[in-house]
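So you can see what is in the structure, the chains are spelled out below.
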Amino acid sequence: MNWEVVIGLETHVQLLTKSKIFSGASTAFGEAPNTQACAVDIALPGVLPVLNKAAVEKAIMFGLAVDAKINRRSVFARKNYFYPDLPKGYQISQYEIPIVQGGQLPIEIDGVKKTVRLTRAHLEEDAGKSLHENFKDMSGIDLNRAGTPLLEIVSEPDMRSAEEAVAYVQKLHKLVVDYQICDGNMQEGSFRFDANVSVRRKGSDKLGTRCEIKNLNSFRFLEHAIEYEAARQIEILQDGGVIEQETRLYDPDKNETRSMRTKEEAHDYRYFPDPDLLPLEVSESWIERVRASMPKSQEEREAEIRQFPEIPEYQVIQHAATPQSTVFASTTFAIVPPADRPNVSNLILGPLSALLKQEHRDIEDSKVSPEQIKALWEPVSNKTISNTTAVSVVLPALWHGEGSVEEIIEKRGLKQISDSAAIEKIVDEVLAANAKQVADYRAGKEKAFNSLVGQVMKATQGKANPQQVNEILKRKLAS
């Protein structure tokens, strides 16, 4: 209880570009090894890197999203180290002058708000991958990933628990996905993080010796790794030992961290400006063009849905979950009458969402458009069909392309029975045939009423107006 955990995070975000940061090779995931590495990526003599403009614009967009300073001039440097999956013997990165400096990210845990400061975000290229599976006594090298554009986002050591660290990376993940800076696919390595963990006595201002836990690619692993590492360091210090600064690896099978190597300092990498790349100059007009192209933030999307006051607050957040869901919902709400918006909102979040999940589709790929939802709800409003029929019969038929709403209603004979005399006749028949339910209801068993409603709806093949059925049944049972 006398120890405080101090956590800073370095997050590697793969930028959502079609080609690599310094070459025209594809960044597509999952291709056969070494089929997407060009002469630049494998560092053949005589080739020169050419900076990908789209990668720069993603970095600028991130800086604007976190209220950071966009450096008008930044420099690419060579970070020298020797790994089998780094064919050049150095990684092109940004060191002294990154493109993004400062910034902040608010987080909230159980209603308590906190701001995590960002140190910097710099552009760099990814390395290749060493492959150990399917090889005996040797490793394979896949250079498809070499040169893939990354934005490394470095936080200040502002987090004091694994819970805060997870809240931070979840917020960061949502931000880069929302702004289409990164696809956020953690399984494919598009969003991964290193955690710098140290402990110190509570009340102390002096930072303890930190250990870096590398290559974490799940929120759960991050939480468990920090908790284990903090407990390990506290145990060492309480036993009179000292913490060695080192790089560690988290083993999820054993739920432990273990040493990989001693931690390098910046001077170990012998950084120097890359002579093949000019300093990156970013003009004011370029920044403004990027700002104008940015998708709406979560807050802006929620504000867009709140223009429709009929939508309850908890559904506002659901509709505003992504830019695409916001566009779909707001487009639909804008063309249906205000009185229909709550039911239409339920339809989008319920039955339509279920159909999308069944076919693993995103809402922008929905087979039912906002205009078709408007057409679907018109016969419900004028009582041509019931709400139940619209949702359970017409919507799936629209999804499967069986024609227009009118055609489906006509073809399937779905028009609602609203003739009071006809419904009264059927209700009389149902009451006569279900004497026990009638007696149960009159004895105070409310469930018996629902059974009688069901019998009437069954007798009319679901076409009777439910409101009229309820009114007529209650009147006759009360007499």
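Residues numbered from 1 in each chain as written. Predicted model: local features only at pLDDT ≥ 70, side-chain atom pairs only at ≥ 80, totals over all residues. Heavy atoms only, no water.

Asker: A description of the overall build of the protein should follow, citing residues and the corresponding values.
Answerer: Counting its regular elements, the protein contains 15 helices and 17 strands. A globule of 479 residues ought to have a C-alpha radius of gyration of about 23 Å, yet the protein, at 31 Å, is considerably larger. If one aligns the C-alpha atoms of the protein with their principal axes, the spans along those axes are about 95 × 55 × 50 Å. Taken across its 479 residues, the protein has 47% of its residues classed as buried. Intrachain contacts of the protein at a sequence separation of at least 6 include 67% that bridge at least 24 residues. Summing over all exposed atoms, the protein offers an accessible surface of approximately 24300 Å²; the carbon and sulfur share of this is 51%. Averaging the locations of the 59 positively and 69 negatively charged side chains of the protein gives two centres separated by 3 Å. (Helix = DSSP H or I, 4+ residues; strand = E, 2+ residues; numbered from the N terminus. Rg over C-alpha atoms; globule rule 2.2 N^0.38 Å. Buried < 20%, exposed > 50% of the residue type's maximum accessible area, 1.4 Å probe, protein only. Contact = heavy atoms within 4.5 Å. Areas by Shrake-Rupley, 256 points an atom, 1.4 Å probe, with all protein chains shown as cover. Lys, Arg positive; Asp, Glu negative; His and termini not counted. Charge placed at Lys NZ, Arg CZ, Asp CG, Glu CD.)

Asker: Now, about the packing of aromatic side chains: what can you tell me, with residues and values included?
Answerer: Counting across every chain of the model gives 10 aromatic pairs. Residues tyrosine 269 and tyrosine 271 carry aromatic rings whose centres are separated by 6.1 Å and whose planes lie at 65° to one another, so their mutual orientation is edge-to-face. Given a relative accessible area of 15%, tyrosine 269 falls into the buried group. A relative accessible area of 23% places tyrosine 271 in the partly exposed class. Consider the rings of tyrosine 441 and phenylalanine 449, whose centres lie 5.5 Å apart with planes at 40°: the pair is tilted. (Phe/Tyr/Trp six-rings, centres within 6.5 Å; stacked < 30°, edge-to-face > 60°.)

Asker: How would you explain the environment of glutamine 372 if you had to name every residue and give the values?
Answerer: Locating glutamine 372 in the fold gives a position in helix H9 (residues 370-381). Look at glutamine 372 and you get partly exposed, because its relative accessible area is 26%. Distance in space between the C-alpha atoms of glutamine 372 and threonine 332 is 9.2 Å, their sequence separation being 40 residues. Once residues lying within four places of it in the same chain are set aside, the contact partners of glutamine 372 are Lys367, Leu398 and Val405.

Asker: Tell me what's going on with the pairing of strand S4 (residues 76-80), and back it up with residues and numbers.
Answerer: Most of S4 sits inside the fold, with five of its five residues counted as buried. Neither face of S4 is left uncovered, since the one carrying Phe76, Arg78 and Asn80 and the one carrying Ala77 and Lys79 both have all their residues buried. Examined bridge by bridge, S4 and strand S5 (residues 90-94) share five bridges and lie antiparallel to one another. By the bridge assignment, arginine 78 is partnered in S5 with isoleucine 92. Relative to strand S16 (residues 272-273), S4 runs antiparallel, the two sharing two bridges. The partner of alanine 77 across the bridge, within S16, is proline 273. (Pairing = 2+ DSSP bridges.)

Asker: Explain the packing of H9 against helix H10 (residues 387-399) to me, and be specific about the residues and the numbers.
Answerer: Following both chains from N to C, one finds H9 and H10 inclined at 145°, their axes separated by 10 Å at the closest point. Judged by the twist between their axes, the crossing of H9 over H10 is right-handed. Where H9 abuts H10, its residues Gln372, Leu376, Trp377 and Val380 lie against Asn387, Ala390, Val391, Val394, Leu395 and Leu398. Among the residues forming the contact of H9 with H10, the class breakdown is eight nonpolar, two polar and no charged. (Axes fitted to C-alpha atoms, helices over the stretch in contact; angles between N-to-C directions. Left-handed = near helix turned anticlockwise from the far one by under 90°. Nonpolar A, V, L, I, M, F, W, Y, C, P; charged D, E, K, R; others polar.)

Asker: So what's going on with the pairing of strand S8 (residues 112-125)? Residues and values would help.
Answerer: As judged from the two bridges shared by strand S6 (residues 100-101) and S8, these two strands associate in the antiparallel manner. Across the sheet, residue glutamine 101 finds its bridge partner in S8, namely arginine 120. Relative to S8, strand S7 (residues 104-109) runs antiparallel, the two being bridged by six bridges. Counted as the bridge partner of isoleucine 107 is lysine 114 from S8. The hairpin turn running from S7 into S8, its antiparallel successor, is two residues long, and aspartate 110 in that turn takes a positive phi close to 50°.

Asker: Which residues make up unusual backbone geometry, and what are the values?
Answerer: A positive phi is found at asparagine 255, a non-glycine position, where the angle reads about 50°. With respect to the secondary-structure elements, asparagine 255 resides in the loop between strand S14 (246-251) and strand S15 (256-262). Despite not being glycine, lysine 383 shows a phi value in the positive range, around 65°. By the element assignment, lysine 383 lies in the loop between H9 and H10.

Asker: Quick rundown of the pattern of salt bridges? Include the residues and the values.
Answerer: This structure, assessed with the given rule, holds 35 salt bridges. In this structure, lysine 415 engages glutamate 410 in a salt bridge whose closest nitrogen and oxygen atoms are separated by 3.9 Å. Members of the salt-bridge network, linked through shared partners, are Glu229, Arg232, Glu246 and Arg248. (Salt bridge = Lys/Arg side-chain N within 4 Å of Asp/Glu carboxyl O.)

Asker: Tell me about the sheet that holds S5, and please be specific about residues and values.
Answerer: A sheet is described by the order of its strands in space; here three strands give the open sequence S5-S4-S16, paired in antiparallel fashion. Each edge of the open sheet carries a strand with a single partner, namely S5 and S16.

Just geometry here; none of it tells us what the structure is for.
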